[in-house]
Amino acid sequence: MAAETQESNILKFRKRSHMNIGIIIFGIIFIYLIATIVMYLTAPHVTVYEVRQGSILKDTAYTGLAIRDEMVVQADADGYLNYYVPDGSKVKNGSKVYTLSSQELNFAEDTEEDEISLTSGEQRSVMLEIQQFQHDYQETNFSDTYRIKEEMEDALRSLCNQSKSDQLDAFLAQEGQMGISVYKAARDGIVVYATDGMENLTVETATIADLNKSGYKKTEYANNAQIQSGEAVYKIVTSDTWTLMLELTGETAEVLQDKKYVKVNFTKDDQAVWATLEIKNTDGHYLAYLTFENSMVRYASERYLDVELILEDESGLKIPKTAETEKDFYVVPKSYITQGGNSSSSGVLVQTKDAKGNEITAFTTVNVYYEDEQVVYLDPNQLEENAVLLMPDSMETFRLSEKRSLKGVYCINKGYAVFKQITILCESDTYYIVEEGNSYGLSNYDHIALDSSNIQENDVVF
């Protein structure tokens, strides 16, 4: 008998798909990351610039001719010349200046600078000068090294001359010996033991040819030099007021033409002094006359001086020119600004009409971007054009119409672009110096957009 076929009692069920929540979350995050990367790559990139304090100095270098009130003193006898006072020192009328002797005077060897002994007071004074120099020294002002060197040399030279003066007095005490004659100053002034033949120059007689120093010669006089009667022995500068004449380029003359004063920096010792300025056009040459009321003694022995005219010297916040932008604002009288609502926010009262056509007044908060003594600058995006403003506690109204532009930059401290007003003080080829301390402007260490063309106000900065 054939075997009976047995049916299987095993039932097959379809597998149910189980949703994996982890994969879904991962997918969402992955899509978000892809979208963020795409937005970052396609969005304009904003380079951040940190605002810092800085300065811009514009100057031009020239060589000027010094014109002073000078008087040359000549010897009235033959002899050997010796001086009582240091070169470049101030003397008063009647004080001893030099002597003439029939023979050369032999001064003691201890008058040499390396043999001079300083008193305790003089040593203390020198040490204080050196300590102050060390405390104030900066590598950017290396020229101060020459200043302290000259001061120390002047101090030693003064001691040397004092020793020599004492010995001259001792020689004079030897009656009838050496035939020494003493000569005194005829007037007050600064003595200079050199002449150059240009002592009679005045502002009226000096010409552009005098600015050429190619053939310039200066004769200097030393102790124990033998001279003849009628020869110059020294000159005396009789006034603290002096003039420096120089030729300007046409461009510099145009910049300075309306100025009465200019700041002058002397290259010799890096000292800056203000001078009265006068410019004359002589046969197509722009001659500048810089008149000083001081500093003459520092440069009394110099006929030609290298100087820099400081055309601009401003300090403030330094920003790149590429950061500058402009924005238009409504100009509103300050009397229309008030405070309203439950806060101290500034705003204006705007007259509008309700659905029934009745006139109503509503307080609208506004941001003030800049103000002066009479008006404020309001963002046009916060107010409708031709809106009517009501003055507080008055029936006077003002219709919005006038707009003015302000220069500014986009500040991104908060992660989005905010317009900040700037006041430009001066500029170079690539930078501006802007006003610091303006409540509506920038502050030190603010972050701004380096290039304003790649960003708009309120843009989020990645």
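Predicted model, so just to flag it, every value in this text is computed and none were measured.

Looking only at helices and strands, the protein has four helices and 30 strands in total. Across the 462 residues in the protein, those meeting the buried criterion constitute 35%. Carbon and sulfur atoms make up 48% of the accessible area of the protein, which totals about 28,700 Å².

Below, the discussion takes up the environment of Val264. Locating Val264 in the fold gives a position in strand β14 (residues 261-266). Val264 sits in the buried class, given a relative accessible area of 0%. Counting along the chain gives 205 residues from Val264 to Asp59, while the straight-line C-alpha distance between them is 9.1 Å.

With that out of the way, let us pick up the sheet that holds strand β5 (residues 90-91). Read from one edge of the open sheet, four strands run β3-β12-β8-β5, paired in antiparallel fashion. Strands at the two margins of the open sheet, each flanked by one partner only, are β3 (70-74) and β5.

Attention now goes to the pairing of strand β4 (residues 79-83). Burial of β4 is extensive: five of the five residues sit out of reach of the surface. Pairing of β4 with strand β11 (residues 225-227) involves three bridges; the strand directions are antiparallel. Bridging from a neighbouring strand, Leu81 pairs with Ala225 of β11. Across four bridges, the pairing between β4 and strand β6 (residues 96-101) is antiparallel. If you follow Asn82 over to β6, its bridge partner there is Thr99.

Now for the nonpolar core. If you look at the biggest cluster of nonpolar residues, it comprises 28 residues, and the most contacted ones within it are Leu244, Phe266, Leu290 and Leu309. Mapped by element, the contributors of at least two residues to this core are β2 (52-67), β8 (189-192), β13 (242-248), α4 (250-256), β14, β15 (271-282), β16 (285-292) and β17 (304-320). Contact partners of Leu309, with chain neighbours within four places excluded, come to Lys58, Asp59, Thr60, Tyr62, Leu246, Leu248, Leu256, Val262, Lys263, Val264 and Leu290.

Take the sheet that holds β6 next. The strand order across the open sheet formed by four strands is β7-β6-β4-β11, and the pairing between neighbours is antiparallel. Each end of this open sheet is capped by a strand with a single partner; those strands are β7 (181-184) and β11. This sheet shows a mean twist of 35° between the axes of neighbouring strands, independent of strand direction. Bridge analysis of β6 against β7 gives four bridges, and the strand direction is antiparallel. The residue of β7 that forms the bridge with Tyr98 is Tyr183.

All told, the structure shown has 17 aromatic pairs when counted by the stated rule. Plain terms: the ring middles of Tyr193 and Tyr234 are 6.5 Å apart, the flat faces sit at 85° to each other, and that makes the pair edge-to-face. Within this pair, whereas Tyr193 is found in the loop between β8 and β9 (194-195), its partner Tyr234 is found in strand β12 (residues 232-237), the two being separated by 41 residues in sequence. On the accessibility criterion, Tyr193 (6% relative accessible area) is buried. Residue classification places Tyr234 among the buried positions, given a relative accessible area of 2%.

Here Ser452 is to be found in the segment after β30 (447-449). Looking at Ser452, the relative accessible area reads 11%, which means it is buried. The residues contacting Ser452, other than those within four sequence positions of it, are Thr322, Ala323, Glu324, Thr325 and Tyr410.

Moving on, we get to the pattern of salt bridges. Per the counting criterion, the structure on display carries 17 salt bridges. The partner of Lys407 in a salt bridge is Glu326, with the nearest N and O atoms 3.1 Å apart. Residue Lys407 is located in strand β26 (residues 403-411), and its partner Glu326 is located in strand β18 (residues 325-333); the two are separated by 81 residues in the primary sequence. Given a relative accessible area of 35%, Lys407 falls into the partly exposed group. Close ionic contact of Arg404 with Glu402 constitutes a salt bridge, the shortest N to O distance being 2.9 Å. Counted as one network, the salt bridges with shared partners bring together Arg68, Glu70, Asp196, Glu199, Lys235 and Arg303.

Procedures and definitions
- Positions within a chain are numbered from 1, following the residues in the order the chain's sequence is written.
- Local features in this predicted model are restricted to residues of pLDDT 70 or higher, and side-chain atom pairs are both shown and tallied only at a pLDDT of 80 or more, whereas totals for entire chains, interfaces and linings draw on every residue.
- Where side-chain values are given, they derive from all heavy atoms of the structure, hydrogens and water being excluded.
- Helix numbering and strand numbering both begin at the N terminus, where a helix is a DSSP run of H or I of at least 4 residues and a strand a DSSP run of E of at least 2.
- The classification of residues rests on relative accessible area computed with a 1.4 Å probe and restricted to protein chains. Under 20% of the type maximum is buried, over 50% is exposed, and intermediate values are partly exposed.
- Only the protein chains shown count as cover for residues, and all accessible areas are computed by the Shrake-Rupley method using a 1.4 Å probe.
- Any two strands between which DSSP finds at least two bridges are classified as paired.
- By convention a nonpolar core is built from buried Ala, Val, Leu, Ile, Met, Phe, Trp, Tyr and Cys residues, the set being connected through side-chain atoms within 4.5 Å.
- Any pair of residues with heavy atoms lying within 4.5 Å of one another is described as a contacting pair.
- For every element, the axis is a line fit to its C-alpha atoms; helices are fit only across the contacting stretch, and the angle between N-to-C directions ranges from 0 to 180 degrees.
- Here the aromatic set is Phe, Tyr and Trp, taking the six-membered ring for Trp, and pairing holds for ring centres within 6.5 Å; pairs whose planes are under 30 degrees apart are stacked, those over 60 apart are edge-to-face, and all others are tilted.
- When a carboxyl oxygen of Asp or Glu is within 4 Å of a side-chain nitrogen of Lys or Arg, the pair counts as a salt bridge.

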